[in-house]
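Chain and residue survey
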Amino acid sequence: MIPYGKHIIDEDDISEVVKVLRGDWLTTGPIVTDFENGVAKYIGVKEAVAVSSGTAALHAAMHALEIKPGDEVIVSPLTFAASANCVVYMGATPVFADVNADTLLIDPESVIQKITQKTRAIIAVDYAGQTCDYKALKSICEAHNLKLVGDCCHSIGAKDEDGNTAGSLADISVLSFHPVKHITTGEGGMALTDDPELAKRMRSFRSHGINIDASARLEKCTWVYEMQELGYNYRITDIQCALGLSQLKKLDNFLEIRRKYAAKYRFLFLNHYEITPLRIKKGVQHAFHLYVVKVPAHKRKAAFEEMRNQGFGVNVHYIPVHYHPYYMNNFKTGTGLCPVAEEAYEGLMTLPLHPGMTERQVDSCAKALDTILKACS
Ligand SMILES: *Cc1c(COP(=O)(O)O)cnc(C)c1O
């Protein structure tokens, strides 16, 4: 089976990890800082806080922005559940705004309609790997005194129309280093910001709300620390960050291959009457975490199953978050809340796209989907 996404680990990655295993610091050590600095420099932000997962980074962002019970945070429904769950962790309410039908990115018009007296923030998701309309979202935030979070778990390496990097366009942006993402640490995530105060709050949050970490205590020759607020253990290890640092060196190469394969799919589906790739906005650089197409809704299930039978690990991203029983039971969500996302969902299919596959496999996957759809009634 060709999976829809998969990591590549080579001997350099392995030897970097082994070096850490032979050293003094397995966690909260210098390699965590090196990885943070490396990603901050790559994206062009002042502060980066590495944590144990993308989900932890989203949670830390909500904490730093002081989201509280009774608050509302506007989120896209076409995303992984974690983008909305982080709001629930704070006792606040996620409010789902609809998406643009062609890009599946959060629709600023719909965001405006969902703003109430209780709205505090917007979480924009760079779905599939292209940037949301941050300009429009920022001006909405300014007009309504809201904070903006970018869920950039799909978009490391992407750029917007003006050449600005994904991850630098919101008050806080979040990355994931899960193995299906562009670069991996096994599990891991990072929160990016230009605001030192927000970064400080997130650093404290990842380690129990304690104001001074173990290496700093060692340096200052003191046992004293204060727990000033309630935090968690969301730390990431130096072992993981060694892998991340090594992977970061390969990111541009990974992106290049992803872009080449995406262009190949696009070419093969050009003017296809049943397979519609998502629209790529003019002048942007797409990071292609996912290659998503729309197929006729009535054929999707049969085509999905037949693709899987033939060894193509297609997937569906995503079941709208507001369709999950947890949200229906606790937030009274359901069909009709975001009609554009709901209609799109019925025809969505993610095709395999990762740097470990071959161009021939891209070719055979595209041809298989064409043949299978023609055979479906
Ligand atoms: C992967 C992902 C997350 C969660 O990241 P983890 O590292 O798995 O916790 C959140 N949002 C989106 C859009 C993702 O793709």
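A word on unusual backbone geometry
The omega angle of the peptide bond from His317 to Tyr318 is 5°, so this bond is cis rather than trans. Along the polypeptide, Tyr318 turns up in the loop between helix 11 (297-309) and helix 12 (325-331). Phi is positive for Glu66, close to 60°, though the residue is something other than glycine. Relative to the helices and strands, Glu66 resides in the loop between helix 3 (54-64) and strand 2 (72-75).

Some details on the site of the ligand
Close to the ligand lie 14 residues, the nearest being Gly54, Thr55, Asp151, Ser176 and Lys181. The separation between an oxygen atom of the ligand and a polar side-chain atom of Ser176 is 2.7 Å. Coverage of the ligand by the protein chains reaches 93% of its 380 Å² of free accessible surface.

Looking at the sheet that holds strand 3 (residues 93-96)
Whenever strands of a sheet pair, they do so through backbone hydrogen bonds, lying parallel or antiparallel. Spatial strand order, 1-7-6-5-4-2-3: seven strands in an open sheet with mixed pairing. Of all the strands in the sheet, the pair left with one neighbour each is strand 1 (47-51) and strand 3. Between one strand and the next, the sheet's axes are offset by a mean angle of 25°, whatever the strand orientation. Here strand 1 pairs with strand 7 (residues 189-193) via five bridges, running antiparallel. Opposite Val51, over in strand 7, you have Gly189 as the bridge partner. Against the sheet, helix 6 (residues 134-144) touches strand 4 (119-125) and strand 5 (147-151), its axis set at about 150° to strand 5.

A few points about the side chain of His286
When you line up the elements, His286 lands in the loop between strand 8 (276-277) and strand 9 (291-294). Judged by relative accessible area, which is 8%, His286 ranks as buried. At 2.9 Å, the side chain of His286 forms a polar contact with the backbone nitrogen of Phe288. Here His286 is in contact with Ala128, Gly129, Gln130, Ala158, Arg259 and Ile280, once residues within four sequence places are set aside.

A short note on helix 14 (residues 359-375)
Taking 1.5 Å per residue, 17 residues should reach 24 Å; helix 14 reaches 25 Å between its end C-alpha atoms and fits that length. When helix 14 is considered as a whole, its buried residues turn out to be Val362, Asp363, Cys365, Ala366, Ala368, Leu369, Asp370, Ile372 and Leu373. Against helix 10 (251-268), strand 9, helix 11 and strand 10 (348-351) lie the buried residues of helix 14.

Topic: the packing of aromatic side chains
Inspection of every chain in the model, using the stated rule, returns 13 aromatic pairs. By way of ring pairs, the aromatic residues Phe96, Tyr326, Tyr327 and Phe331 are connected into one cluster. Between the NZ or CZ atom of Arg300 and the centre of the ring of Tyr345, over which it lies, the distance is 4.9 Å.

Re the domain arrangement of the protein chain
By domain assignment, the protein chain separates into domain 1 (2-248) and domain 2 (251-375). Taken over C-alpha atoms, the centre of domain 1 sits 25 Å from the centre of domain 2. Each partner contributes to the interface: domain 1 provides 50 residues, whereas domain 2 provides 51 residues. Summed over both partners, the interface of domain 1 with domain 2 buries about 4200 Å², with 61% contributed by carbon and sulfur atoms. On the domain 1 side of the interface with domain 2, the three residues burying the most area are Ile2, Tyr4 and His182, jointly 20% of the side's total. Linking domain 1 to domain 2 there are one salt bridge. Across the salt bridge formed by Glu161 and Lys281, the nearest N and O atoms sit 3.9 Å from each other.

Some remarks on the pattern of salt bridges
Applying the stated criterion across every chain yields a total of 17 salt bridges. Of the charged contacts, one joins Lys260 and Glu359 as a salt bridge, the two residues approaching to 3.7 Å between their closest N and O atoms. With Lys260 in helix 10 and Glu359 in helix 14, the pair connects residues that are 99 residues apart, well separated along the chain. According to the relative accessible area criterion, Glu359 is partly exposed, its value standing at 32%. Because the salt bridges share partners, they merge into one network encompassing Lys260, Lys264, Glu359, Asp363 and Lys367.

Focus: the packing of helix 3 against helix 4 (residues 82-89)
Running from N to C, helix 3 and helix 4 point in directions that differ by 40°, and their axes come no closer than 9 Å. Taken together, the axes of helix 3 and helix 4 lie oblique to each other. Where helix 3 crosses over helix 4, the handedness of that crossing is right-handed. In this structure, helix 3 contributes Thr55, Leu58, His59 and Met62 to the contact, and helix 4 contributes Ala82, Ser83, Cys86, Val87 and Tyr89. A class-by-class count of the residues in the contact of helix 3 with helix 4 yields six nonpolar, three polar and no charged.

Some points on the side chain of His182
As for its position among the elements, His182 is in the loop between strand 6 (172-176) and strand 7. Judged by its relative accessible area of 4%, His182 is buried.

Re helix 2 (residues 30-43)
Between the first and last C-alpha of helix 2 there are 20 Å, a value that for 14 residues agrees with the 20 Å anticipated at 1.5 Å per step. Where helix 2 is concerned, the buried positions are Val32, Phe35, Glu36, Val39, Ala40 and Ile43. Considered in projection along helix 2, the buried side chains sweep an arc of 130° and stay on one side of the axis. The elements touched by buried residues of helix 2 are strand 1, strand 6, strand 7, helix 7 (196-205) and helix 9 (238-248). Downstream of helix 2 by a residue or two, Gly44 has a phi angle that is positive, lying close to 90°.

Cut-off values and rules
Residues numbered from 1 in each chain as written. Predicted model: local features only at pLDDT ≥ 70, side-chain atom pairs only at ≥ 80, totals over all residues. Heavy atoms only, no water. Helix = DSSP H or I, 4+ residues; strand = E, 2+ residues; numbered from the N terminus. Near = heavy atom within 4 Å. Polar contact = N/O pair within 3.5 Å; in protein donor to acceptor, adjacent residues only side chain to side chain. Areas by Shrake-Rupley, 256 points an atom, 1.4 Å probe, with all protein chains shown as cover. Pairing = 2+ DSSP bridges. Axes fitted to C-alpha atoms, helices over the stretch in contact; angles between N-to-C directions. Contact = heavy atoms within 4.5 Å. Buried < 20%, exposed > 50% of the residue type's maximum accessible area, 1.4 Å probe, protein only. Expected span 1.5 Å × (residues − 1). Phe/Tyr/Trp six-rings, centres within 6.5 Å; stacked < 30°, edge-to-face > 60°. Lys NZ or Arg CZ within 6 Å of the ring centre and 35° of its normal. Domains from an automatic or database assignment. Buried area = accessible area lost by both parts, 1.4 Å probe. Salt bridge = Lys/Arg side-chain N within 4 Å of Asp/Glu carboxyl O. Parallel < 35°, antiparallel > 145°, perpendicular 65-115°, else oblique. Left-handed = near helix turned anticlockwise from the far one by under 90°. Nonpolar A, V, L, I, M, F, W, Y, C, P; charged D, E, K, R; others polar. Arc of directions from axis to C-beta.

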